[in-house]
Structures are given as structure tokens and as C-alpha cells.
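# Fold and geometry: a report
If you want the building blocks of each chain, they are given just below.
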Amino acid sequence: MTVFEKIYDVVMKIPKGKVATYGQVAFLAGNPRWARVVGYALHNNPAPGIIPCHRVVNREGKTAAAFVFGGGDAQRAMLENEGIVFEKDGHIDLKKYGIKI
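What counts, and where the lines are drawn
- Residues numbered from 1 in each chain as written.
- Predicted model: local features only at pLDDT ≥ 70, side-chain atom pairs only at ≥ 80, totals over all residues.
- Heavy atoms only, no water.
- Core = buried A, V, L, I, M, F, W, Y, C linked by side-chain atoms within 4.5 Å.
- Buried < 20%, exposed > 50% of the residue type's maximum accessible area, 1.4 Å probe, protein only.
- Helix = DSSP H or I, 4+ residues; strand = E, 2+ residues; numbered from the N terminus.
- Contact = heavy atoms within 4.5 Å.
- Phe/Tyr/Trp six-rings, centres within 6.5 Å; stacked < 30°, edge-to-face > 60°.
- Lys NZ or Arg CZ within 6 Å of the ring centre and 35° of its normal.
- Salt bridge = Lys/Arg side-chain N within 4 Å of Asp/Glu carboxyl O.

### A few points about the nonpolar core
Counting 18 residues, the largest nonpolar core has Ile 7, Val 11, Ile 14, Val 25, Val 38, Leu 42 and Val 56 as the members making the most contacts within it. Taken together, the elements giving at least two residues each to this core come down to α1 (3-12), α2 (22-29) and α3 (35-43). In terms of residue count, α1 provides more of this core than any other element does, four residues in total. Beyond its immediate sequence surroundings of up to four residues, Ile 14 is in contact with Val 19, Ala 20, Val 25, Arg 55, Val 56 and Ile 99. If you look at the next biggest cluster of nonpolar residues, it comprises seven residues, including Val 19, Val 57, Leu 79 and Tyr 97.

Spelled out as C-alpha cells, the structure:
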């Protein structure tokens, strides 16, 4: 299994209505130092709509400004459609919506 395949496998397990950080995905994929690699993998998502890369946010609970499928607003809309509520400053409460590892 390639590094990207490991990352996609982890991302596929993030439930609807929850998010994970790049660092959490990296850790669960086998190397906590792969956070940047997670970003590269998600940017090259081979199956948009199947691999839910919109459920990955930064360590502050913020969406990606350059979200590959339409910018940060698209990512936010997708997460809101899953029931995630954003704080006034635009971040997600990771204690409430983040996965537990």
C-alpha cells in the first residue's frame, strides 16, 4: 500500500459530521510527520465525492483556503451540510467535532 493509499484509507474512516486534522490523519496513516504529505494526497484525491477530503482541517480547526474542489467556502459548505457548526471566527470546535484518537 502506498503512502497516499494509507492516507485515503484513514480519511475514508472519518464519519460524517466529524473532522480530523492533517496531523491526526498523518499519525493514523503511520507517521506523525506526514501532515504535509496528507495535504498533497488530498490535493490529488483520485475519487472526489468518495474520499471525503473535506473532513480534514488544520490544527486550529480551520478549512483550507485553497481547497481543491472550489476553495475554502466549498469545504465549509460541505461540512455545514453534514451538521458541523463553525465558530464566529471561522474555526471548528475540535473538541466537539474532531475525531478521537
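### Things to note about α2
Listing the buried residues of α2 in full gives Gln 24, Val 25, Ala 26 and Ala 29. Looking at the buried positions of α2, the neighbouring elements they touch are α1, β1 (20-21), α3 and β2 (56-57). Positive backbone phi, at 125°, marks Gly 30, one or two positions downstream of α2.

### Details of the packing of aromatic side chains
Per the counting criterion, the structure on display carries one aromatic pair. Between Phe 4 and Tyr 8, the ring centres sit 6.2 Å apart and the planes meet at 70°, which makes this aromatic pair edge-to-face. Taken as a pair, Phe 4 and Tyr 8 lie in helix α1 at a separation of four residues, close to a single helical turn. According to the relative accessible area criterion, Phe 4 is partly exposed, its value standing at 29%. If you follow Arg 76 out to its NZ or CZ, it ends over the ring of Phe 86, 4.3 Å from the centre.

### Some words on the pattern of salt bridges
A pair can form between side chains of opposite charge whenever their charged atoms are brought close. In this structure the tally under the stated criterion is three salt bridges. For Arg 55, the salt bridge goes to Glu 82, with nearest N and O atoms at 2.8 Å. Here Arg 55 is found in the loop between α3 and β2, whereas its partner Glu 82 is found in the loop between α4 (72-81) and α5 (94-97), with 27 residues between them in sequence. For Arg 55, a relative accessible area of 11% corresponds to the buried category. Take Glu 82: its relative accessible area is 16%, and that puts it in the buried class. A salt bridge links Glu 80 to Arg 76; the shortest N-O distance between them is 3.0 Å. With a gap of four residues between them, Glu 80 and Arg 76 both fall in helix α4, about one helical turn apart. Its relative accessible area of 38% is what places Glu 80 among the partly exposed residues.

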